[in-house]
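Overview (structure and organization)
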Amino acid sequence: MSTFEYAPAPESRAVVNLRPSYGLFINGEFVDGTGESFKTISPATEEVLAEISEASAADVDLAVKAARAAYTRVWSRMSGADRGKYLYRIARILQERAREFAVLETLDNGKPIKESRDVDVPVAAAHFFYHAGWADKLEYAALGPNPRPHGVVGQVIPWNFPMLMLAWKIAPALATGNTVVLKPAETTPLTALLFAEVCQQADLPPGVVNIVTGAGTTGQAIVDHRGIDKIAFTGSTGVGKAIARAIAGTRKKATLELGGKAANIIFDDAPIDQAVEGIINGIFFNQGHVCCAGSRLLVQESIADEVEARLKRRLQTLRVGDPLDKNTDVGAINSRGQLTRITELVAAGEAEGAQRWDTGCPLPDKGFWFRPTVFTGVSQTHRIAQEEIFGPVVSMLTFRTPQEAVAKANNTPYGLSAGIWTDKGSRILWMADQLRAGVVWANTFNRFDPASPFGGYKESGYGREGGRHGLAAYVVTGESA
């Protein structure tokens with residue numbers, strides 16, 4: 001098969017001004033942390049990008065106190081219309097500095113620049129625009145009587161969508177009158193720290209947003225702090241369970257958006273070429289580092305061979321390599337640890353008898369890379385069909401009837417998302433009603449909008465983010481005490 005050859009089209013790094021080291025952002029200023037420092041690296045080249053301060057429990061305490069002071073003295077007393085003005089200002093600054101954010105996100109995360117540029121940063125700005133509009137309308141959002149903010153919200157976000165997850169968390173919290181202490185993932189802290197500069201540029205009152213960097217111990221200090229009123233966490237199911245145990249019996253509220261093992265279901269009347277593009281977007285977008293990725297492909301038996309052939313042919317056109325190249329489709333795996341996890345699960349799939357196929361494309365000498373991979377001959381009991389791989393690996397299973405498709409799709413501890421590909425609208429509605437998943441896409445996959453709620457069931461967590469439902473997680477209702 002012949003493919004077009006492209007000349008490299010690298011995005012310039014000149015738009016990003018990296019500092020040698022970064023401190024913590026507390027009470028509107030960058031300050032030195034009292035913990036140990038650590039390095040953040042580019043997963044595509046393994047070069048050190050910057051030295052990052054690790055926040056200790058004492059640093060977290062300072063951040064929480066700053067957030068509390070800002071909440072009681074300024075932010076909770078401000079009208080919704082005035083809060084909305086700050087969110088609009090932040091959204092416009094994100095748009096003005098979009099290229100800078102996109103390049104920095106790709107450098108620190110490893111995702112292709114076209115995804116950072118066309119998806120992550122624009123949707124992050126859209127979340128601030130959307131929630132700015134709600135800030136003065138909370139009484140009309142059907143959230144309950146007298147909606148009021150919780151107070152100080154502790155937020156912990158993952159490394160797969162650093163900037164987008166920041167927006168998902170901070171925008172609704174600020175719109176509803178809360179203040180924030182946010183911890184980005186230790187492997188991807190740079191866009192959060194650049195966002196701190198945006199807060200300064202927008203003249204956000206000091207202490208309304210505080211950003212503390214570090215690893216698990218920093219996150220634990222946020223969860224355990226008595227001054228935190230609500231926890232918002234996106235990450236692994238294991239950590240989510242630990243958070244739920246830690247806050248059980250306390251007054252703290254929580255929303256947990258955890259892992260997934262989504263089924264992408266292809267019926268025999270689906271437009272196959274369109275469905276193949278949906279499969280690609282469902283699992284190979286962002287190297288498969290997506291909690292709602294369509295990592296389980298369920299194909300009706302009568303078209304399984306045709307779908308497999310077309311999928312493999314399409315995969316051979318994907319370009320794997322330099323994330324800053326605008327032609328790149330699949331970038332670098334975020335860390336060596338995640339690459340090891342993917343490699344181990346793929347080896348388990350082969351050992352259990354599934355047939356592995358990958359593109360065989362050349363990979364760069366440095367960095368963390370994994371080829372797009374398809375497993376066939378997969379059964380429900382295989383680890384690759386049950387455990388979240390969080391990489392560019394799809395497991396293909398077959399079914400004969402819609403009832404069998406539902407049974408196989410629901411046979412997982414997770415319940416975050418699913419996809420349905422069929423020409424029949426009645427089948428879409430029936431399937432969506434049967435699937436135990438928080439989000440069900442019809443003839444598309446991985447499409448998001450700030451106005452649409454997102455969240456899961458079972459071990460995929462609880463609570464919703466986005467839309468009016470997401471606002472509800474950041475307020476308490478009822479008569480004033």
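Computed from a prediction, not measured in an experiment: that's the story for all the values here.

Here we take up the nonpolar core. In terms of nonpolar packing, the biggest core is built from 103 residues, with F128 and F195 touching the most fellow members. For this core, the leading source of residues is helix α5 (residues 162-175), giving 11 residues. Among residues more than four places away in sequence, those in contact with F128 are L87, I90, A91, L94, A167, I170, A171 and F195. Core analysis: the second largest hydrophobic core is formed by 29 residues, F368, I384, A405 and A418 among them.

Turning next to the UniProt feature "domain: Aldehyde dehydrogenase" (unreviewed entry) in the protein chain. Within the UniProt annotation, "domain: Aldehyde dehydrogenase" (unreviewed entry) is assigned to residues 30-475. Here residues 30-475 is 41% helix and 17% strand, with 29 Å between the C-alpha atoms at its ends.

Right, let's talk about the UniProt feature "active site" (unreviewed entry) in the protein chain for a bit. The feature "active site" (unreviewed entry), as given by UniProt, occupies E257 in the numbering adopted here. Here E257 is to be found in strand β11 (residues 253-257). With a relative accessible area of 4%, E257 lands in the buried category. Those residues in contact with E257, other than ones at most four positions away along the chain, are W168, F233, T234, G235, C291, L416, F454, S460 and E465.

Mapped onto the elements, T106 comes out in helix α3 (residues 98-109). Since its relative accessible area comes to 2%, T106 is described here as buried. Residues in contact with T106, not counting those within four places in the same chain, are K111, P112, I113, S116, P323 and L324.

Examined against the element boundaries, L315 turns out to sit in helix α10 (residues 304-315). For the pair L315 and T373, spaced 58 residues apart in sequence, the C-alpha to C-alpha distance is 8.8 Å. Setting aside its immediate chain neighbours within four residues, L315 contacts I280, F284, W357, T359, P372 and V374.

Two elements in contact, helix α2 (residues 80-96) and helix α6 (residues 190-201), have axes whose closest approach is 10 Å; the angle formed by their N-to-C orientations is 125°. Of the possible angle classes, the one that applies to α2 and α6 is oblique. Our pair here, α2 against α6, has a crossing hand that is right-handed. Counting all contacts with α2, which are made through I90, I93, L94 and E96, the residues of α6 involved are F195, V198 and Q201. Across the contact of α2 with α6, the residue classes break down as 5 nonpolar, 1 polar and 1 charged.

The next point concerns the sheet that holds strand β5 (residues 48-53). Read across the sheet, 3 strands follow the order β1-β5-β4 without closing on themselves; strand pairing throughout is mixed. For this open sheet the edge positions go to β1 (21-22) and β4 (37-41), each flanked by a neighbour on one side alone. Where β1 meets β5, 2 bridges bridge the pair, whose relative direction is parallel. Following the sheet pairing, S21 is matched in β5 by E51. Across the sheet, α6 is in contact with β1, β4 and β5; its angle to β5 comes to roughly 65°.

Another point: the packing of aromatic side chains. By the definition in use, this model includes 12 aromatic pairs. Their ring planes at 65° and their centres at 6.0 Å tell us that W168 and F448 sit as a pair that is edge-to-face. Highlighted residues: W168 in helix α5 and F448 in the loop between β19 (439-442) and β20 (457-458), separated in sequence by 280 residues. The buried category is assigned to W168, whose relative accessible area is 7%.

With respect to the secondary-structure elements, Q155 resides in strand β7 (residues 152-156). Given the relative accessible area of 0%, Q155 is considered buried.

One pass over the structure, following the stated rule, counts 30 salt bridges. Across the salt bridge formed by D229 and R68, the nearest N and O atoms sit 2.7 Å from each other. Within this pair, whereas D229 is found in the loop between α7 (216-224) and β10 (230-234), its partner R68 is found in helix α1 (residues 57-75), the two being separated by 161 residues in sequence. R310 is paired through a salt bridge with D273; the nearest N and O atoms lie 2.8 Å apart. One end of the pair, R310, is in helix α10; the other, D273, is in helix α9 (residues 272-283), and 37 residues separate them in sequence.

Attention now moves to the pairing of β11. Extensive coverage of β11 is indicated by the burial of 4 of its 5 residues. Direction of pairing for β10 relative to β11: parallel, over a ladder of 5 bridges. Residue pairing across strands places A232 opposite T255, the latter belonging to β11. In this sheet, strand β21 (residues 461-462) lies alongside β11 in antiparallel orientation, the contact comprising 2 bridges. Looking at β21, one finds that E257 is bridged to G461.

The buried fraction of strand β13 (residues 296-300) is high, at 5 of 5 residues. In β13, alternate side chains face the same way, and those of R296, L298 and Q300 on one face and L297 and V299 on the other are all buried. Judged from the 4 bridges that link them, strand β12 (residues 263-266) and β13 form a sheet pairing that is parallel. Across the sheet, the residue bridging to N264 is L297, located in β13. Handedness of the crossover joining β12 and β13 through α9: right-handed. When β13 meets strand β16 (residues 393-399), the two strands line up parallel, connected through 5 bridges. Across the sheet, residue R296 finds its bridge partner in β16, namely S395.

The backbone phi angle of Q287 is positive, close to 60°, even though this residue is not glycine. You can see Q287 is positioned in the loop between α9 and β13. On the basis of relative accessible area, Q287 is assigned to the buried category, the value being 0%.

About the cut-offs
In this convention, every chain numbers its residues from 1, walking through the sequence in written order. At least 70 in pLDDT is required for a residue's local features to be given in this predicted model, at least 80 for side-chain atom pairs to be given and counted, and no such filter applies to totals for whole chains, interfaces and linings, which use all residues. Values shown for side chains rest on all heavy atoms present in the structure; no hydrogens or waters enter the calculation. The set of buried Ala, Val, Leu, Ile, Met, Phe, Trp, Tyr and Cys residues whose side-chain atoms join them within 4.5 Å is what this entry labels a nonpolar core. Note on classification: 1.4 Å probe, protein chains only; a residue is buried when its accessible area is under 20% of the maximum for its type, exposed when over 50%, partly exposed between these limits. Secondary structure elements follow DSSP: runs of H or I no shorter than four residues count as helices, runs of E no shorter than two count as strands, and numbering proceeds from the N terminus. Contact criterion: two residues are considered in contact whenever any of their non-hydrogen atoms come within 4.5 Å of each other. UniProt positions are given in the numbering used here, feature names are shortened, and annotations may be inferred rather than shown by experiment. Axis lines are fitted to C-alpha atoms, over the contacting stretch for helices. Their N-to-C directions set the angle, which ranges from 0 to 180 degrees. When an angle is under 35 degrees it counts as roughly parallel; over 145 it counts as roughly antiparallel; between 65 and 115 it counts as roughly perpendicular; any other value is oblique. Crossings are classed by handedness, with left-handed meaning an anticlockwise turn of the near helix from the far one by less than a right angle and right-handed meaning a clockwise turn. Residue polarity is assigned by list, with Asp, Glu, Lys and Arg as charged and Ala, Val, Leu, Ile, Met, Phe, Trp, Tyr, Cys and Pro as nonpolar; anything else, Gly included, falls into the polar class. Criterion used throughout: strands pair if DSSP finds at least two bridges between them. Each pair of aromatic rings taken from Phe, Tyr and Trp, with Trp reduced to its six-membered ring, is defined by centres within 6.5 Å and is described as stacked if the planes are under 30 degrees apart, edge-to-face if over 60, and tilted in the remaining cases. Whenever Lys or Arg places a side-chain nitrogen within 4 Å of a carboxyl oxygen from Asp or Glu, that contact is recorded as a salt bridge. Convention used here: a crossover is right-handed provided that the path from the first strand, over the helix, to the second strand proceeds clockwise when the strands point away from the viewer.

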